[in-house]
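Architecture at a glance
Next come the chains, spelled out residue by residue.
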Number of protein chains: 4
Amino acid sequence: MAGSRIGHLFSVTTFGESHGPALGAVVEGCPAGLPLSELDLQRDLDRRRPGQSRFTTQRQEADQVRILSGLFEGMTTGTPIGLLIENTDQRSRDYRDIQELFRPGHADYTYWHKYGVRDYRGGGRSSARETAMRVAAGGIAKRLLTAWQVSVRAALIAMGEERIDRARWDWQEVDKNPFFTPDAAMVPRFTALLDQVRQEGDSVGALLEVEITGVPVGWGEPVFDRLDADLAKAMMSINAVKGVEIGDGMAAAQARGSRWVDEMVADARQANGVAFTSNRAGGILGGISSGQPIVIRLAVKPTSSIMVPRRTVDIHGQDQIIQTRGRHDPCVGIRAVPVAEAMAALVLADHGLRAKGSRL
Amino acid sequence: MAGSRIGHLFSVTTFGESHGPALGAVVEGCPAGLPLSELDLQRDLDRRRPGQSRFTTQRQEADQVRILSGLFEGMTTGTPIGLLIENTDQRSRDYRDIQELFRPGHADYTYWHKYGVRDYRGGGRSSARETAMRVAAGGIAKRLLTAWQVSVRAALIAMGEERIDRARWDWQEVDKNPFFTPDAAMVPRFTALLDQVRQEGDSVGALLEVEITGVPVGWGEPVFDRLDADLAKAMMSINAVKGVEIGDGMAAAQARGSRWVDEMVADARQANGVAFTSNRAGGILGGISSGQPIVIRLAVKPTSSIMVPRRTVDIHGQDQIIQTRGRHDPCVGIRAVPVAEAMAALVLADHGLRAKGSRL
Amino acid sequence: MAGSRIGHLFSVTTFGESHGPALGAVVEGCPAGLPLSELDLQRDLDRRRPGQSRFTTQRQEADQVRILSGLFEGMTTGTPIGLLIENTDQRSRDYRDIQELFRPGHADYTYWHKYGVRDYRGGGRSSARETAMRVAAGGIAKRLLTAWQVSVRAALIAMGEERIDRARWDWQEVDKNPFFTPDAAMVPRFTALLDQVRQEGDSVGALLEVEITGVPVGWGEPVFDRLDADLAKAMMSINAVKGVEIGDGMAAAQARGSRWVDEMVADARQANGVAFTSNRAGGILGGISSGQPIVIRLAVKPTSSIMVPRRTVDIHGQDQIIQTRGRHDPCVGIRAVPVAEAMAALVLADHGLRAKGSRL
Amino acid sequence: MAGSRIGHLFSVTTFGESHGPALGAVVEGCPAGLPLSELDLQRDLDRRRPGQSRFTTQRQEADQVRILSGLFEGMTTGTPIGLLIENTDQRSRDYRDIQELFRPGHADYTYWHKYGVRDYRGGGRSSARETAMRVAAGGIAKRLLTAWQVSVRAALIAMGEERIDRARWDWQEVDKNPFFTPDAAMVPRFTALLDQVRQEGDSVGALLEVEITGVPVGWGEPVFDRLDADLAKAMMSINAVKGVEIGDGMAAAQARGSRWVDEMVADARQANGVAFTSNRAGGILGGISSGQPIVIRLAVKPTSSIMVPRRTVDIHGQDQIIQTRGRHDPCVGIRAVPVAEAMAALVLADHGLRAKGSRL
């Protein structure tokens, strides 16, 4: 069972390599009657697109998405939606010198052993380029969620050892700076850090946070397809992600039950007449949405494509030294922000549909 | 799409409530010809079973598993394996006084809104009792993995703010103490901590680590069903888990690429002639196993079933004070150790079968 | 991917061999709030049960089903429903003499080569006994369909070369005779035929028809999961079924379009204001229910377990003569009637839930 | 769960409407290392393509397929294979006059009620044009089956009341005549029939037969995903198919067990040392391939797009008379021949991969 599909009722199947002719996807299960256009997808694709600032790879891709089916007169028809992005910048010559080398920390080595075939041009299917289709498909999911009054947004909250001050959090800031950070005061510090990292030919990790609001109580399918479990999978499936937390996350391991608690009080202003005094649980109880904001954090490792020389082996098993050249992101965590939003949106759209069958 | 199934080729579908007549499961996809008996499953069930020490709930369950199908003369036949554990201790009177209250931090509230039905007897399907079937099914997966030379084990490495010293890690210790901890020196400290927590009617969180060895290069199905993504989902689907890390995990967000690297060197003694100088990646590259040990950590929150009074509401929306009585674990993270092993084994068994189709 | 599961939103996973300890199933996806009891399932189990007349096998099985989960105070809770039937009559000595022989026309040979294991006791998993769980699970599906005003019923319409007169069709008759036939006038002729077949130690085929009424327009998921496609699969998955037709079926191959047509006329008395002048299509257009009755026919071959000697080989590849003894149905098509109803109900329950997501 | 995907390990997801910009598909699970090119797919696409003779619709479509991913240097890489056919002839003006009419016997009416959206241009997703992608994807499946020594072929064996003489069956003839019939002597009679049908503005049904050879014993996953069940579904999912038979099919209902038998005799020349004296079962026993040729027959109804006037209603519920104009096939069964081959190939490729996990 190949793994390029995610979702059950709202599902996405993607294809495409970084240096092949095109990337594409089929989105199945989007209900009929949803207004949709290519512009709805393009906005996030442009946010994810490389070459937007000096802090991302200078590779140029138009990333212009076409909707090939499933639309009639501006509305979804209930049939599968085909998406296509033609690859326009396929400079595969950049990769000639590493054709026979395995990049440490990269998928080269495992793809080679798994499939016995090596598409050495920029990572092929394992390239971060694959995430463009996640973002395109996620755009449809977001459109559906909007119709359901659910909103998904993400931000970068730390880079290397620099971390934002949550007291200064302002969602309005996120799209005003090249880091998607909600703390305007951190922009100069992130800038300085990344300039230094780039100069050293190095890379740096990042911490992202996703917030989903407007989800009613009741989404999530225990005991295995819990909402948190499916979100964890979706986040961990993004290139370079090494950890996922819901609500208080890893810190919960250190807590006492008497303090790690979200008490409930009657509150007529709330949707179900109940207010929570805090949100340590991150909006999910027993794998089911509680009506509170859903909060996810994910750690993105520094990319292994750096100019610093490292020891490696080649496909003949010989020791070698590798030094990646070409156009790479000093902090892949930045462009992971719209990708994390898209993945969260895909999971939520799926669970929104799944929840329809809970009661007679 | 109800969520009580996990896995594609090696799959498990479970059923059963904490206070219903029985728990059960169907394990599909186990290849024919595997020697198997109920004893293979009972060992881990006994490790998970409550009432083994004063540090776990005193609820008494024999947890005796029966294999109802899929075996003939001690060998699997390739047909589905039915598993059953009859519930013997169904003291539902314990729950009468909280019949109309939502326990804060518990699934009561979300199940009620999702299904419109409230099985108030000990959590019903959301009870940790459900994990017994994960452990039973995981026992079959472990048996299959053993035939493939793959081994899965887990340990508790922190409880509240007490953390083991990794330098003292000894796998032999794990089954010698009631905490499943590999650091013998921590046993008295964990004992003191838990005695205090119990006296206070409180609970405490824990950190677990799972290690899987012997996995060949090539398991995992990008781009969505990556091995790390499926492991993250499986871990997060366990009751009370709030965070999952692979390898260096959340710490990767703070790292520089020049140091966050597992270099490769030729080494004729290794399976594929390659040795890694470290294992920050946790045994998975690009979502595919690299041949190194797979390392996962998970944070288990303190249980919300405590004797400390907290504010809550009842099903009529009125403010109330709740104080859980009955038999509860002061640290559910302890009994989560065999559960985490089982979930990891289920994911690995599935991916071991899935990997068979990678090449012509 | 093992094949003991059917359905996506309303799904059933079965286990159990004819001579093992028990048969069981997990029904997932039944919405919460449906009144349900074991009696709802037992009625059809009793219709399917052997030993009801001299025209079915004399094997005695109580076929008493237990519901092990998913119910609370007589209502479904939305969690998986576990079903169990203990096997009480396991006379495996009957099969000793054919322990090493492959029965021609039977699954012995293919199971042996597929799994390398031979459970020679009465067919194991390939036994018609497996269908008991289809009927039990189908009973839940029928209960759900009843809540949706959909009804499923089936009848035997031909046996060998004897065929009913459709002009005499009376659904009331079906449960009044041991053949489930709607034509009372055929009862003496079927009786005479079967008495002769039994005396000769032979068996005979049968033709069944299933009718589903009350399905609204719009169930079925093109292009692959069409309602007719899923019904065809479900019927063909029943032991001994060799052909499936929808509406006019195979006869459509001989027709002209000008006559093979169901015209539409305005009719205010109909649900959607439209009446069809005929139902050649069998209630499905383009894979989606049209609101007309859904009509399916299926051909059941004569069982290969007969007392007439035939040539075969044994597991050592030697030529042998086989003559089945033991208790067998002279016409397995009779007991297939409740099984066909159950399979149709399972497909419809699934598609009823799937159709909920068609529109925003 | 939308229904545009088929297969589990070897799976296909399709998209595209008859008058949209393009048709496409994603083929997942094709093992790495299979030589493949667009030419492998084009041959069957050309066989299916309209306008090849005066007996098929004159609509002109180049049906040129592009492979967009999953290939590197002429070999499959194990990653998803994206397929695309741009629609070039989108004469939607042909459909203006039936914009508000439901064509009797057509999916117009059911799509309208299911989705609430009407893409009146030539059937949209319900058009036979959708089958182009089945044929393209089936071409990949055939390529894989060839590597496994399995071959799939189909033929037209009856049209209206004209039926071939099986004694004259010659597979060489199939691609020499415009009817894909194996009986050369029938060509003039089919020609005469179709000329008459066309002159009358009418249409006619057809009967097809598919034969699959080279399948080893052991493919098929009881109890629900039997090989015959999955084949029945695949065939019934083709537009206009109303009946499916395996082996002797519907005729089995009339048979006696003493004669409806495929005896087995030792035969050292056969793969498993066993020869069958006949093949009434059609190559499948208990849902698992027996090593004999697999034989399927399917009935294709006459298309409802004819020039003969019929009664219908419009979307406002008013009585109307309809008379389809435009370019239509007098016998859609002809072009269904390569489609049936493709669907059989897809099922077999999937089951070939699934069978790998049967034994340890």
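Our structure's up above, just so we're on the same page.
In this report, we go over the structure that sits alongside the text. (Residues numbered from 1 in each chain as written. Chains lettered and ligands numbered in written order. Predicted model: local features only at pLDDT ≥ 70, side-chain atom pairs only at ≥ 80, totals over all residues. Heavy atoms only, no water.)

1. Regarding the relation of the copies chain C and chain B
Filter applied, for reference: To superpose the copies, least squares is applied to the C-alpha atoms of every residue with a pLDDT of at least 70 in both. Any two residues having at least one pair of non-hydrogen atoms within 4.5 Å are treated as being in contact.
Superposition record for chain C on chain B: RMSD 0.0 Å, screw rotation 180°, translation along axis 0.0 Å. Put plainly, the chains are arranged around a two-fold axis. Interface overlap between copies is the fraction of interface residues in one copy that are interface residues in the other; for chain C against chain B it reaches 100%, indicating a shared surface.

2. Quick look at the pairing of strand β10 (residues 206-213) of chain A
Residue and element names in this part refer to chain A. We count it as follows: Each residue is assigned to one of three classes by its accessible area relative to the maximum for its type, calculated with a 1.4 Å probe on protein chains only: buried under 20%, partly exposed between the two thresholds, exposed over 50%. Here a helix means four or more residues in a row that DSSP labels H or I, a strand means two or more in a row labelled E, and each is numbered from the N terminus. Two strands qualify as a pair provided that DSSP identifies no fewer than 2 bridges between them.
Among the 8 residues in β10, 7 count as buried, and that is most of the element. Across 8 bridges, the pairing between strand β8 (residues 151-159) and β10 is antiparallel. Bridge pairing links V152 to I212 in β10. Relative to strand β16 (residues 294-300), β10 is paired through 7 bridges, and the arrangement is antiparallel. By the bridge assignment, L208 is partnered in β16 with L298.

3. A look at the pattern of salt bridges
Put simply, the test is: In the sections that follow, a salt bridge refers to a side-chain nitrogen of Lys or Arg positioned within 4 Å of a carboxyl oxygen of Asp or Glu.
Per the counting criterion, the structure on display carries 140 salt bridges over all chains. D248 of chain B serves as the salt-bridge partner of R280 of chain B, at 3.4 Å between the closest nitrogen and oxygen. Residue R280 of chain B is found in the loop between β13 (274-276) and β14 (284-285), and its partner D248 of chain B is found in the loop between β11 (241-246) and β12 (264-266); the two are separated by 32 residues along the sequence. Given a relative accessible area of 29%, R280 of chain B falls into the partly exposed group. A relative accessible area of 26% means that D248 of chain B is categorised as partly exposed. One salt bridge connects E162 of chain D with R189 of chain D, and the closest N-O pair in it is separated by 2.8 Å. Of this pair, E162 of chain D sits in strand β9 (residues 162-163) while R189 of chain D sits in helix α4 (residues 187-199), and the two are 27 residues apart along the sequence. Salt bridges sharing common partners tie together R43, D44, R47, K142, D175 and E341 of chain A.

4. Some thoughts on the sheet that holds strand β7 (residues 81-86) of chain A
Residue and element names in this part refer to chain A. Inclusion rule: Structural elements are reduced to axes, namely lines fitted to C-alpha atoms, with helices fitted over the stretch in contact, and the angle between N-to-C directions of any two is expressed from 0 to 180 degrees.
Read from one edge of the open sheet, 5 strands run β1-β2-β3-β7-β4, paired in antiparallel fashion. Strand pairing shows two members of the sheet lacking a second neighbour, β1 (5-6) and β4 (65-67), which therefore form its edges. Looking at chain direction, β4 and β7 are connected through 3 bridges and run antiparallel. Each bridged residue has a counterpart across the sheet, and for R66 the counterpart in β7 is L84. Helix α1 (residues 38-48) contacts β4 and β7 of the sheet and is inclined by roughly 155° relative to β4.

5. A look at the interface of chain C and chain B
Spelled out, the test is: The quantity reported as buried area is the accessible area (1.4 Å probe) lost by two parts once they are put together, taken as the sum for both. Three residue categories are used. Nonpolar comprises Ala, Val, Leu, Ile, Met, Phe, Trp, Tyr, Cys and Pro, charged comprises Asp, Glu, Lys and Arg, and polar comprises the others, including Gly.
In this complex, chain C contributes 42 residues to the contact, which on the side of chain B involves 42 residues. Interface of chain C and chain B: buried area, both sides summed, is about 3,300 Å²; carbon and sulfur atoms make up 65% of it. It is F15, L68 and F72 of chain C that lose the most area in chain C upon contact with chain B, and together they represent 18% of the buried surface on that side. Taken together, the links from chain C to chain B amount to 2 salt bridges. The partner of E86 of chain C in a salt bridge is R66 of chain B, with the nearest N and O atoms 3.6 Å apart. Counting residues per element, the ones that place at least two in the side of chain C that touches chain B are β2 (11-15), β3 (22-28), β4 (65-67), β7 (81-86) and α2 (108-115) of chain C. Looking at the side of chain C that touches chain B residue by residue, the class counts come to 17 nonpolar, 15 polar and 10 charged.

6. Overview of helix α5 (residues 227-236) of chain C
For α5 of chain C, a buried count of 10 out of 10 residues is recorded, marking the element as mostly surrounded by other parts of the structure. Listed as buried for α5 of chain C are L227, D228, A229, D230, L231, A232, K233, A234, M235 and M236 of chain C.

7. Looking at the sheet that holds β4 of chain C
All names here are of chain C. Spatial strand order, β1-β2-β3-β7-β4: 5 strands in an open sheet with antiparallel pairing. The open sheet is flanked by β1 (5-6) and β4, the only strands paired with a single partner. Together, β2, β3, β4 and β7 form the strand contacts of helix α3 (residues 131-147), whose direction differs from that of β7 by roughly 145°.

8. Here we look at the interface of chain B and chain A
As a reminder of what qualifies: Residues adjacent in sequence count toward polar contacts only when both atoms are side-chain atoms; beyond that, a polar contact is any pair of N or O atoms within 3.5 Å, and within protein one must be able to donate a hydrogen and the other to accept it.
Taken together, the contacts link 107 residues of chain B with 108 residues of chain A. At the boundary of chain B with chain A, total buried surface from both sides reaches about 8,900 Å², with 59% on carbon and sulfur atoms. Our count for the chain B to chain A interface comes out at 12 salt bridges. We note a salt bridge from E130 of chain A to R226 of chain B, for which the minimum N-O separation is 3.9 Å. Taken together, the links from chain B to chain A amount to 57 residue pairs in polar contact (both at pLDDT 80 or more). The element that contributes the greatest number of residues to the side of chain B that touches chain A is helix α2 (residues 108-115) of chain B, accounting for 7 residues.

9. Quick look at unusual backbone geometry
As a rule of thumb, non-glycine residues mostly have phi less than zero, and peptide bonds are mostly trans rather than cis. V223 of chain A follows P222 of chain A through a cis peptide bond whose omega is 5°. In this structure, V223 of chain A sits in the loop between β10 and α5 (227-236). Phi is positive for F180 of chain B, close to 55°, though the residue is something other than glycine. Within the element layout of this structure, F180 of chain B appears in the loop between β9 (162-163) and α4 (187-199). Taking the relative accessible area as the measure of exposure, F180 of chain B reaches 9% and is therefore buried. Phi at A240 of chain B takes a positive value of approximately 80°, unusual for a residue other than glycine. With respect to the element layout, A240 of chain B can be found in the loop between α5 (227-236) and β11.

10. Regarding the nonpolar core
For the record, the criterion: Residues belong to a common nonpolar core when they are buried Ala, Val, Leu, Ile, Met, Phe, Trp, Tyr or Cys residues joined through side-chain atoms within 4.5 Å.
In terms of nonpolar packing, the biggest core is built from 373 residues, with L83 of chain A, L83 of chain B, L83 of chain C together with L83 of chain D touching the most fellow members. Residues within four places of L83 of chain D in sequence aside, it is in contact with L23, G24, A25, V27, L41, V65, R66, I67, M133, A136, A137 and I140 of chain D.

11. Focus on the packing of aromatic side chains
This is how the line gets drawn: Only Phe, Tyr and Trp rings take part, Trp by its six-membered ring, and two of them pair if their centres are within 6.5 Å. Stacked means planes under 30 degrees apart, edge-to-face means over 60, and tilted covers everything else. Charge over a ring is defined by NZ of Lys or CZ of Arg lying within 6 Å of the ring centre and within 35 degrees of the ring normal.
Here the structure, examined in full by the defined rule, presents 28 aromatic pairs over all chains. Measuring from ring centre to ring centre gives 5.2 Å for W169 of chain B and W171 of chain B, while their planes differ by 65°; the resulting arrangement is edge-to-face. For the pair shown, W169 of chain B and W171 of chain B are each scored as buried. Here the aromatic residues F102, Y109 and W112 of chain A together with F276 of chain B are joined through ring pairs into a cluster of three or more. Lying across the ring of Y115 of chain A, K114 of chain A places its NZ or CZ 5.6 Å from the centre.

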